[in-house]
Amino acid sequence: MGSRATRLAKPAIAKMTAEGECAKHAKIQRVDSFLERLHEKARCEIYPRTQMKRFKVEDKYVKWNVEYPDYTPVVYTSEGVLKGPVWADPDLLTTKADIKWNAVQNNVSRVSHMGPYRIEDNLPRNPIGRTGVKGRGCLGRWGPNHAADPIVTRWRRSDNNVIEKGEDSKNILQFVAVQRRDNHQWAIPGGMVDPGEVITATLKREFGEEAMNTLEMSEEKKDELDLAVNDLFLHGEEVYRGYVDDPRNTDNSWMETVALNFHDESGTGVSKIELNAGDDAVGVKWMDLTSKLKIYASHIDFLQVVAKRHNASW
């Protein structure tokens, strides 16, 4: 997988962005401005799980190299993060800590998929631009917070097991979608990469916990599920690796992900297993891939790349 898949994924998303959403709203003027559009939800007016308003950052002031002398971001880190759980860093706004930026330290990766990020006033700086919030918000790590998103797909089939077609005469692709507990938005199942964890392990764990509810499954049922999931997850194709437009992002903490597509071509593998929402999800279902989807963060961009690679209806 690796670098070649990554190089192919990013231009495909950039081209799609320029011709689709960005052209419609006339917000982005150049094809290579994909990452700027990836910074819209990160500037949402109200920070998630709070009533706090961000300092408003207009499009023209997003980039750090644009002078903005009046910029006074709201300082916010949630109480849950400040309590110091094992997945959270020390509060660098009140204490000092020996953190090695742009490196792996004690199995915690502070390396960004976007390349080296700058350190200003002893704090990492969001590589895309201003967000209106200083601190970590509800994210645990300063700098990149790494996640992994498994995009599990199959063809939509009739009762006679015939692949169905969309209005564009292309086959309809479906993916496993979960409904998030925190905001009830539909999304790709996924979660945070634990320190020292291999990404493929994260992908399998999160898919099992959120879409199959393995946390409450019997050992016998888990063994049955493992056979189908292990076979499927042997053959993944990287879709995206980089920054995520997430409403939790701040000037100093941000989400990054690796998204891989696992496709059940025959529909006889994981497609036959009953979905059951668990962990951070309150709902789960097979959902058609379509440009009309309204889903969480940057997930719509990942799904369009998947549809294109399978030459599926969109």
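Cut-offs applied
- Residues numbered from 1 in each chain as written.
- Predicted model: local features only at pLDDT ≥ 70, side-chain atom pairs only at ≥ 80, totals over all residues.
- Heavy atoms only, no water.
- Buried < 20%, exposed > 50% of the residue type's maximum accessible area, 1.4 Å probe, protein only.
- Helix = DSSP H or I, 4+ residues; strand = E, 2+ residues; numbered from the N terminus.
- pLDDT = per-residue confidence, 0-100.
- Contact = heavy atoms within 4.5 Å.
- Core = buried A, V, L, I, M, F, W, Y, C linked by side-chain atoms within 4.5 Å.
- Polar contact = N/O pair within 3.5 Å; in protein donor to acceptor, adjacent residues only side chain to side chain.
- Salt bridge = Lys/Arg side-chain N within 4 Å of Asp/Glu carboxyl O.
- 1 Å grid on protein atoms, 1.4 Å probe; cavity = no way out; pocket = protein on both sides within 12 Å on 5 of 7 lines; lining within 4 Å.
- Points joined across faces, edges and corners; volume = space filled by probe spheres on them.
- Nonpolar A, V, L, I, M, F, W, Y, C, P; charged D, E, K, R; others polar.
- Phe/Tyr/Trp six-rings, centres within 6.5 Å; stacked < 30°, edge-to-face > 60°.
- Lys NZ or Arg CZ within 6 Å of the ring centre and 35° of its normal.

(A) Spatial organisation of helix H7 (residues 299-309). All buried positions along H7 are accounted for by His299, Asp301, Phe302, Leu303, Val305, Val306 and Ala307. Asn311 occupies a position one or two residues after H7 and carries a positive phi of about 55°.

(B) Representation of the confidence of the model for the protein. Across the protein, the average pLDDT comes to 84, with 84% of residues at or above 70. Counted against residues more than four places away or in other chains, residues 1-33, with its pLDDT under 50, gives 43 contacts.

(C) Inspection of the nonpolar core at higher detail. In this structure, Ile151, Phe175, Val239, Leu289, Phe302 and Leu303 are the most contacted members of the largest nonpolar core, which totals 30 residues. Secondary-structure elements contributing two or more residues to this core are strand E7 (143-155), strand E8 (173-180), strand E11 (236-243), strand E12 (253-264) and H7. A per-element tally of this core places H7 first, with five residues. Those residues in contact with Phe302 that lie beyond four places of it in its chain are Asp149, Ile151, Ile188, Val239, Tyr240, Thr257 and Ala259. Within the second largest apolar cluster, 18 residues are counted, among which are Ala148, Phe233, Val284 and Trp286.

(D) Expanded view of the side chain of Thr250. Relative to the helices and strands, Thr250 is located in the loop between E11 and E12. Within the local environment of Thr250, its side chain forms a polar contact with the backbone nitrogen of Asn252, the two atoms lying 3.1 Å apart. Not counting the four nearest positions on each side in its chain, Thr250 is found in contact with Tyr47, Asn126, Thr131, Val133, Gly135, Arg136 and Gly137.

(E) Spotlight on the pattern of salt bridges. Taken as a whole and assessed by the stated rule, the structure comprises 12 salt bridges. Measuring nitrogen to oxygen at the nearest pair gives 3.3 Å for the salt bridge that ties Lys53 to Glu45. Between Arg205 and Glu197 there is a salt bridge; the shortest N-O distance is 2.7 Å. Here the residues in one salt-bridge network are Asp89, Arg110 and Arg141, joined through shared partners.

(F) Expanded view of the layout of surface pockets. Taken as a whole, the largest pocket spans an internal volume of roughly 1200 Å³. Taken together, 48 residues form the lining of the largest pocket, with His146, Gly191, Met192, Val193 and Met255 sitting closest to its centre. Taken together, the elements giving at least two residues each to the lining of the largest pocket come down to strand E3 (108-109), E7, E8, strand E10 (191-192), helix H5 (199-211) and E12. Classifying every residue of the lining of the largest pocket gives 21 nonpolar, 11 polar and 16 charged.

(G) Structural context of the environment of Lys56. Position of Lys56 relative to the elements: it lies in the loop between helix H3 (34-37) and strand E1 (74-77). Through-space distance from the C-alpha of Lys56 to that of Tyr71 is 8.9 Å; in sequence the pair is 15 residues apart.

(H) How the structure looks around unusual backbone geometry. Notably, Asn106 is not glycine yet its phi reads approximately 55°, a positive angle. Note that Asn106 resides in the loop between strand E2 (104-105) and E3.

(I) Geometry of the packing of aromatic side chains. Tallied over the full model, the rule gives 10 aromatic pairs. With centroids separated by 4.1 Å and ring planes inclined at 15°, the aromatic side chains of Phe233 and Phe262 adopt a geometry described as stacked. Separated by 29 residues along the polypeptide, Phe233 in the loop between helix H6 (219-232) and E11 and Phe262 in strand E12 bring together distant segments of the chain. Exposure class is identical for Phe233 and Phe262. Each is buried. Clustering of aromatic rings is evident, with ring pairs tying together Phe55, Tyr61, Trp64, Tyr68 and Tyr71. A cation over a ring is seen here: Arg130 above Tyr71, with NZ or CZ 5.3 Å from the ring centre. Lying across the ring of Tyr296, Arg180 places its NZ or CZ 3.9 Å from the centre.

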